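A structural walkthrough
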Amino acid sequence: ALDLVRDTLGRAAFVPERSERLFHIAMSDIGERLFLPRLLEQLAQVAPGVAIRTSSPDLALLADGLAGGAIDLAVGYLPGLGKRFRQQRLFSERFVYVADANHPHMAEPPTLARMRSLRHVVAAPPGTHHAAAVEEVLTSERVRAPIALRVGSFLSVAPILEGSELVALLPSNLARVVGPRLGLRAQEPRVAFPGFEVSMYWHPRYHREPGNVWLRELLHGQFFERAL
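Residues numbered from 1 in each chain as written. Predicted model: local features only at pLDDT ≥ 70, side-chain atom pairs only at ≥ 80, totals over all residues. Heavy atoms only, no water.

Quick look at the overall build of the protein chain
Broken down by element type, the protein chain carries eight helices and ten strands. Once local pairs closer than 6 in sequence are excluded, the contacts in the protein chain between residues at least 24 apart make up 80%. With an accessible surface of roughly 11,600 Å², the protein chain has 52% of that area assigned to carbon and sulfur atoms. Charged side chains of the protein chain number 26 positive and 23 negative; the gap between the two group centres comes to 4 Å. (Helix = DSSP H or I, 4+ residues; strand = E, 2+ residues; numbered from the N terminus. Contact = heavy atoms within 4.5 Å. Areas by Shrake-Rupley, 256 points an atom, 1.4 Å probe, with all protein chains shown as cover. Lys, Arg positive; Asp, Glu negative; His and termini not counted. Charge placed at Lys NZ, Arg CZ, Asp CG, Glu CD.)

Focus on the side chain of histidine 207
Here histidine 207 is to be found in the loop between β10 (196-202) and α8 (210-223). Looking at histidine 207, its side chain comes within polar contact range of the side chain of tryptophan 202, at 3.1 Å. Apart from the residues within four sequence positions on either side, histidine 207 is in contact with Arg86, Trp202, Val213 and Arg216. (Polar contact = N/O pair within 3.5 Å; in protein donor to acceptor, adjacent residues only side chain to side chain.)

Section: the pattern of salt bridges
Summed over the entire model, instances satisfying the criterion amount to six salt bridges. Ionic pairing is found between arginine 21 and glutamate 209, a salt bridge with its closest N-O pair at 3.1 Å. Of this pair, arginine 21 sits in the loop between α1 (2-10) and β1 (22-26) while glutamate 209 sits in the loop between β10 and α8, and the two are 188 residues apart along the sequence. On the basis of relative accessibility, which here comes to 23%, the residue arginine 21 falls in the partly exposed class. The residue arginine 94 makes a salt bridge to glutamate 188 at a minimum N-O spacing of 2.5 Å. With arginine 94 in the loop between β4 (86-93) and β5 (95-100) and glutamate 188 in the loop between β9 (184-187) and β10, this residue pair connects regions lying 94 residues apart in the sequence. The class for glutamate 188 is partly exposed, based on a relative accessible area of 39%. Taken together, the salt bridges that share partners define one network made up of Arg21, Asp72 and Glu209. (Salt bridge = Lys/Arg side-chain N within 4 Å of Asp/Glu carboxyl O. Buried < 20%, exposed > 50% of the residue type's maximum accessible area, 1.4 Å probe, protein only.)

Considerations on the environment of alanine 107
As for its placement among the helices and strands, alanine 107 is situated in the loop between β5 and α4 (112-115). For alanine 107 and arginine 185, which are 78 residues apart along the polypeptide, the C-alpha to C-alpha distance reads 8.3 Å. Sequence-distant contacts of alanine 107, that is, excluding residues within four places in its chain, are made with Arg185 and Gln187.

Examining the pairing of β1
Across the five residues that make up β1, a large majority, four, are buried. The pairing of β1 with strand β2 (residues 51-55) spans five bridges and is classified as parallel. Bridging across to β2, histidine 24 finds its partner in arginine 53. Since β1 and β2 lie parallel, the crossover through helix α2 (residues 29-46) that links them has a hand, and here it is right-handed. For β1 and strand β3 (residues 73-76), the ladder comprises two bridges, and the chain directions are parallel. Paired with isoleucine 25 across the bridge in β3 is leucine 73. (Pairing = 2+ DSSP bridges. Right-handed = clockwise from strand over helix to strand, strands pointing away.)

As for unusual backbone geometry
One non-glycine residue, arginine 144, adopts positive backbone phi at about 55°. The residue arginine 144 is located in the loop between α5 (130-138) and β7 (147-151) in this model.

Re helix α3 (residues 59-68)
One full turn of an α-helix is made of 3.6 residues, so residues set three or four places apart face in the same direction. Among all positions of α3, only Leu62, Ala63, Gly65, Leu66 and Ala67 are buried. Two residues or fewer past α3, glycine 69 is found with a positive phi of approximately 90°.

Notes on the confidence of the model for the protein chain
In this model, the protein chain carries a mean pLDDT of 92, and residues with pLDDT of at least 70 account for 94%. Within the protein chain, α1 has the poorest average pLDDT of any element, 53, and β1 the best, 98. (pLDDT = per-residue confidence, 0-100.)

Details of the sheet that holds β5
Taken in spatial order, the five strands line up as β7-β6-β8-β5-β9 in an open sheet, and their pairing is mixed. Each end of this open sheet is capped by a strand with a single partner; those strands are β7 and β9. Between one strand axis and the next, the sheet turns through 30° on average, direction left out of account. Of the pairings in the sheet, the one linking strand β6 (residues 119-123) to strand β8 (residues 166-171) comprises three bridges and is parallel in character. Counted as the bridge partner of arginine 119 is leucine 166 from β8. In the packing of α5 onto the sheet, the strands contacted are β5, β6, β7 and β8, and the crossing angle to β6 comes to about 155°. (Axes fitted to C-alpha atoms, helices over the stretch in contact; angles between N-to-C directions.)

See the structure below:
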């Protein structure tokens, strides 16, 4: 409690246009692809001296980094952080089917029967729960869809799908960003897959720290309920 009082009394004002602060944000490879281009574009306009560093630590290191101030903010789907951290939702995410635009069986959303004949790619980034949720549906007794390939990053999936007859389920915003560049088509699945919430997380100790407040407000203004 005394540390929080001292922190409050000792805070200096944060002036974005004059700041040369380095902010450390924890996010996944998807987060880097989705958030950084727009964030850096905005920083060039309002805070040209501010720099960003990103990392993707495991949950224990992330929690320690947020608590100790080495990491200013975490962005993503991180239910494992628990209630000791503050959080603010940015948007809801869902999975969509993605395949090559010329795929012979993906001109429309695949039926349950069609899913059983399509060869799927599943992405399993370390420390995330996405792959388990998708694979649980695909391998369920009701669906029984074949999984031909498991990879460690969502970003590798789209190039693999290009020109092939493989299919995958990707977060919708990632599909929207990378799909058209590689000639891929997205389809809403007819079978329900679990969605997830993308949020910002920070330690209560830095809830009123001026730079942290400014960064959260900037991200919220750029990404709250907006298509990426």
